[in-house]
Amino acid sequence: MEAGADAVNESVRYLTETDSTNTWAKAHLQEFGPIGAVYTTSQTAGRGRLGRTWVDAPGKALYYTVVLKTPLVQPSTLPLFSSLAVAEALEQRYGVQCRIKWPNDLLLNGKKVVGILCEGAPDGHSLLSGIGINLAQDQAYFDAAGLPYGTSLALQGVKVDLDTDPEWLAQYMTDFGFDRALYTYEVEGFAPYRDRYKALCVNLGRPVTFDGGCGTAVDVDEEGRLVVQTDTGETRVFTGEVSVRGIYGAV
Ligand code: BTN
């Protein structure tokens, strides 16, 4: 084990700091079993979706990546499945009910508290789900980072304990959000989770804009795609950015 890395247990590793937990997991893939995770509270080169950066908040946020080596029947739905795993952990720890902005942002009071970046691993078959949870940044942090629609759990009135919550959340997500649920998810895919996802999805029933069009989001299909009713018919969105009227300032 390298300097700065401590094993919490066999499957969840803690790093005092790293560039990006997704990058670290890719570089240390052979050290993980069928399911394992790595987390830190300080990332120097965090990465977000669509090539964006994920700004560091040293000691104030959780940066976590789970590595899944077992084959999944529907790997494309991992972002949606991951959002449910995080929502469950936050509900268990804090009693809060987040909503989900398709495909995988978690919102509290309409603002983003969690971002998720799923990627393939260099071995060509393992998958990574990288999760950033804003625990206790203050408003000045989001103002300075130019993130008007970002927030932290603490800013939304949640009592966060920075000494114990990162480890608890990392362990819970690994053991219950992912490992336990994988028995079902890896063989049945998104279907058993679809109703729960739809109940939390803020897009449904609202006007949305996506790359190439706009309409009303009417469903999340069995493949995890957002179904949008447009003037010219139904479109299924499977990638890219979707803005929802009333969320993140979209009009
Ligand atoms: C997004 O753009 O909303 C996704 C952000 C994902 C950030 C997490 S933090 C842990 C993991 N490591 C990274 O570099 N990115 C993901």
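Structure first, text after, so check above.
Remember, it's a predicted structure, so these values are computed and weren't measured experimentally.

**Brief notes about the pairing of strand β4 (residues 61-68)**
At step 1: Burial within β4 is extensive, with eight of its eight residues counted as buried.
At step 2: Residues Ala 61, Tyr 63, Thr 65 and Val 67 point to one face of β4 and Leu 62, Tyr 64, Val 66 and Leu 68 to the other, with burial holding for every one of them.
At step 3: Here β4 pairs with strand β8 (residues 127-134) via eight bridges, running antiparallel. Bridge assignment links Leu 62 to a residue of β8, and that residue is Ile 133.

**Some points on the site of the ligand**
At step 1: The environment of the ligand is made up of 20 residues, and the closest members are Ser 20, Gln 43, Arg 47, Arg 49 and Lys 112.
At step 2: Contacts to the ligand include Ser 20, whose side-chain N or O atom sits 2.7 Å from an oxygen atom.
At step 3: Residue Arg 49 places a main-chain N or O atom 2.7 Å away from an oxygen atom belonging to the ligand.
At step 4: For the ligand, whose unbound accessible area comes to 420 Å², protein coverage reaches 98%.
At step 5: Elements represented by at least two residues in the shell around the ligand include exactly α1 (21-27), β4, β7 (111-120) and β8.
At step 6: If you tally residues by element for the shell around the ligand, the top one is β7, at four residues.
At step 7: Residue composition of the shell around the ligand, by class: six nonpolar, ten polar and four charged.

Conventions and cut-offs
Residues numbered from 1 in each chain as written. Predicted model: local features only at pLDDT ≥ 70, side-chain atom pairs only at ≥ 80, totals over all residues. Heavy atoms only, no water. Buried < 20%, exposed > 50% of the residue type's maximum accessible area, 1.4 Å probe, protein only. Helix = DSSP H or I, 4+ residues; strand = E, 2+ residues; numbered from the N terminus. Pairing = 2+ DSSP bridges. Near = heavy atom within 4 Å. Polar contact = N/O pair within 3.5 Å; in protein donor to acceptor, adjacent residues only side chain to side chain. Areas by Shrake-Rupley, 256 points an atom, 1.4 Å probe, with all protein chains shown as cover. Nonpolar A, V, L, I, M, F, W, Y, C, P; charged D, E, K, R; others polar.

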